[in-house]
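Single-letter residue listing:
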Amino acid sequence: MIRSVVRGFGAALPERVVTNRDMEKIVETSDEWIVQRTGIRQRYIAGEGETTASLGEQAARAALDNAGLTAADIDLIICATSTPDNTFPATAVNIQNRLGMHHGFAFDMQAVCSGFVYAVTTADSYIRGGLAKRVLIIGAETFSRILDWTDRTTCVLFGDGAGALILEAAEGEGTSQDRGVLTASLRSDGAHKDKLYVDGGPSSTGTVGQLRMEGREVFKYAVGMITDVIQAAFDTTGTTADDLDWLVPHQANRRIIEGSAKKLGIAPEKVVITVDLHGNTSAASIPLAIAAAAGDGRIKKGDLVMLEAMGGGFTWGAVLLRW
Ligand code: ACO
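Residues numbered from 1 in each chain as written. Predicted model: local features only at pLDDT ≥ 70, side-chain atom pairs only at ≥ 80, totals over all residues. Heavy atoms only, no water.

A. Summary view of the site of the ligand. Close to the ligand lie 24 residues; Arg-37, Cys-113, Arg-216, Asn-253 and Asn-280 are nearest. Here an oxygen atom of the ligand sits 2.5 Å away from a polar atom, N or O, in the side chain of Arg-37. His-250 places a side-chain nitrogen or oxygen 2.7 Å from an oxygen atom of the ligand. With the chains in place, 76% of the 1000 Å² that the ligand exposes on its own is no longer accessible. In terms of residue count, the dominant contributor to the shell around the ligand is helix α7 (residues 215-237) (4 residues). The class makeup of the residues in the shell around the ligand is 11 nonpolar, 8 polar and 5 charged. Mapped onto the domain boundaries, the shell around the ligand takes at least three residues apiece from domain 1 (2-171) and domain 2 (180-322). (Near = heavy atom within 4 Å. Polar contact = N/O pair within 3.5 Å; in protein donor to acceptor, adjacent residues only side chain to side chain. Areas by Shrake-Rupley, 256 points an atom, 1.4 Å probe, with all protein chains shown as cover. Helix = DSSP H or I, 4+ residues; strand = E, 2+ residues; numbered from the N terminus. Nonpolar A, V, L, I, M, F, W, Y, C, P; charged D, E, K, R; others polar. Domains from an automatic or database assignment.)

Have a look at this one:
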């Protein structure tokens, strides 16, 4: 059977680092409060000229280099983002053009913080369905542009960045020993829309809007939703927490990540954490974490890797793959 196997990865961050001490000058907060509640120590914030598409392009170029490929080798680009450069055309098409790619097709995926998990699942479906052989998947965000910088309950949590992953078709045996995407478990439930949303949009207010969140409410649901989809991925493939080499979670909050891993019996040393360095970069957080852990040699060929995320909507999901 056809499997979607990882061929390359890359990442890009804005130039400017904003530490918790810097945040103390913007809103009434403290390094201690932010670290204790979230694990975040710093985040990167896009400057003038840095946009979702420019960061996405940089991450895409890094992934192409890592794979030893050029844009000519790609059939499809999917960009997971909630902070597009324009309402349309899609940021993926913008990046396609920046890469000098004028063949194939490109589109955006909007599932907020779960966007990258949704995009990997979509890419895998296109590859297994025979519609694309190589897919460039990008998670890119500039959440700093939709934050209310006077609201300390949200502005300390988020950051900007981009990451990319290239999947390509390869023959597999159809077992959980195959390399590539083994299964995915996706969920959404719009009943939770008021707990985490942006209070504007083209069709409602005609404005971009700002992020609003009931943090405590989100927290209440997060661990249960995340552990459900991870367990579903284990069950479908007949694997267990003991078989797993790496959990690469969406990086929203250290307490949510550690609580989910503990509930599933996943050892803390198997969990990739970058929330301290990047803050919550929404759809970019998983590919940024992948690039960190694969880049320094932690994630190796043949490793069993679980990706998971939960975000606005709510949307949530997990992907199990063998590197
Ligand atoms: N600095 C200092 N004090 C603050 C800050 C801040 N930045 N923000 C809030 N506080 C205060 C509150 O005003 C409150 O004070 P009060 O008790 O006098 O009213 C106190 O801290 C406690 O506030 P809570 O909201 O109860 O704090 P909590 O322990 O729940 O932590 C947090 C807040 C970190 C947001 C937590 O609820 C959380 O992590 N929720 C999940 C959010 C999340 O992960 N969202 C993203 C997932 S989806 C996505 O990625 C888009």
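B. Broad picture of helix α4 (residues 91-98). Among all positions of α4, only Thr-91, Ala-92, Ile-95 and Gln-96 are buried. Seen end-on, α4 carries its buried residues on one side only, within an arc spanning 145 degrees. Elements that come into contact with the buried residues of α4 comprise α3 (52-67), β4 (76-80), β5 (105-109) and β6 (134-142). Backbone geometry just after α4 places Gly-100 at a positive phi near 70 degrees. (Buried < 20%, exposed > 50% of the residue type's maximum accessible area, 1.4 Å probe, protein only. Arc of directions from axis to C-beta. Contact = heavy atoms within 4.5 Å.)

C. Structural context of the environment of Val-18. Mapped onto the fold, Val-18 is located in strand β2 (residues 16-19). Taking the C-alpha atoms as reference points, Val-18 and Tyr-44, separated by 26 residues in sequence, lie 5.9 Å from one another. Contacts of Val-18, omitting those with residues within four sequence positions, involve Met-23, Gln-42, Arg-43 and Ile-45.

D. Spotlight on the nonpolar core. Ile-230, Leu-244, Leu-247, Ile-266, Met-306 and Met-310 are the most contacted members of the largest nonpolar core, which has 43 residues in total. Counting only elements with at least two residues in this core, the list comes to α7, α8 (254-264), β12 (304-311) and β13 (315-322). With 9 residues, α7 is the single largest residue contributor to this core. For this core, the domains that each give at least three residues are domain 1 (2-171) and domain 2 (180-322). Counting 37 residues, the second largest nonpolar core, distinct from the first, contains Leu-165, Ala-283, Ile-290 and Ile-299. (Core = buried A, V, L, I, M, F, W, Y, C linked by side-chain atoms within 4.5 Å.)

E. Quick peek at the domain arrangement of the chain. The domain architecture assigned to the chain consists of domain 1 (2-171) and domain 2 (180-322). On a C-alpha basis, the centres of domain 1 and domain 2 stand 14 Å from each other. The partner domain 2 presents 49 residues to the 51 residues of domain 1 that form the contact. Broken down residue by residue, the surface that domain 1 buries against domain 2 is led by Cys-113, Val-117 and Ile-146, which jointly contribute 16%. The tally of links between domain 1 and domain 2 comes to 1 salt bridge. For the salt bridge of Asp-148 with Arg-212, the shortest nitrogen-to-oxygen distance reads 3.0 Å. Scanning the region where domain 1 abuts domain 2 turns up 20 residue pairs in polar contact (both at pLDDT 80 or more). Breaking the side of domain 1 that touches domain 2 down by element, the ones donating at least two residues are β1 (2-12), α2 (31-38), β3 (42-45), α5 (115-128), β6 and β7 (160-171). Considering every element that reaches the side of domain 1 that touches domain 2, the biggest residue donor is β1, with 8 residues. Here the residues of the side of domain 1 that touches domain 2 are counted per class, giving 26 nonpolar, 16 polar and 9 charged. (Buried area = accessible area lost by both parts, 1.4 Å probe. Salt bridge = Lys/Arg side-chain N within 4 Å of Asp/Glu carboxyl O.)

F. Representation of the packing of α7 against α8. Running from N to C, α7 and α8 cross one another at 45 degrees; their axes reach a closest spacing of 9 Å. Classified by the angle between their axes, α7 and α8 sit oblique to one another. Read as a crossing pair, α7 and α8 show a hand that is right-handed. From α7, Phe-219, Ala-222, Val-223, Gly-224, Ile-226, Thr-227, Ile-230 and Gln-231 reach across to α8, where they touch Arg-255, Ile-256, Gly-259, Ser-260, Lys-263 and Leu-264. Classifying every residue of the contact of α7 with α8 gives 7 nonpolar, 5 polar and 2 charged. (Axes fitted to C-alpha atoms, helices over the stretch in contact; angles between N-to-C directions. Parallel < 35°, antiparallel > 145°, perpendicular 65-115°, else oblique. Left-handed = near helix turned anticlockwise from the far one by under 90°.)

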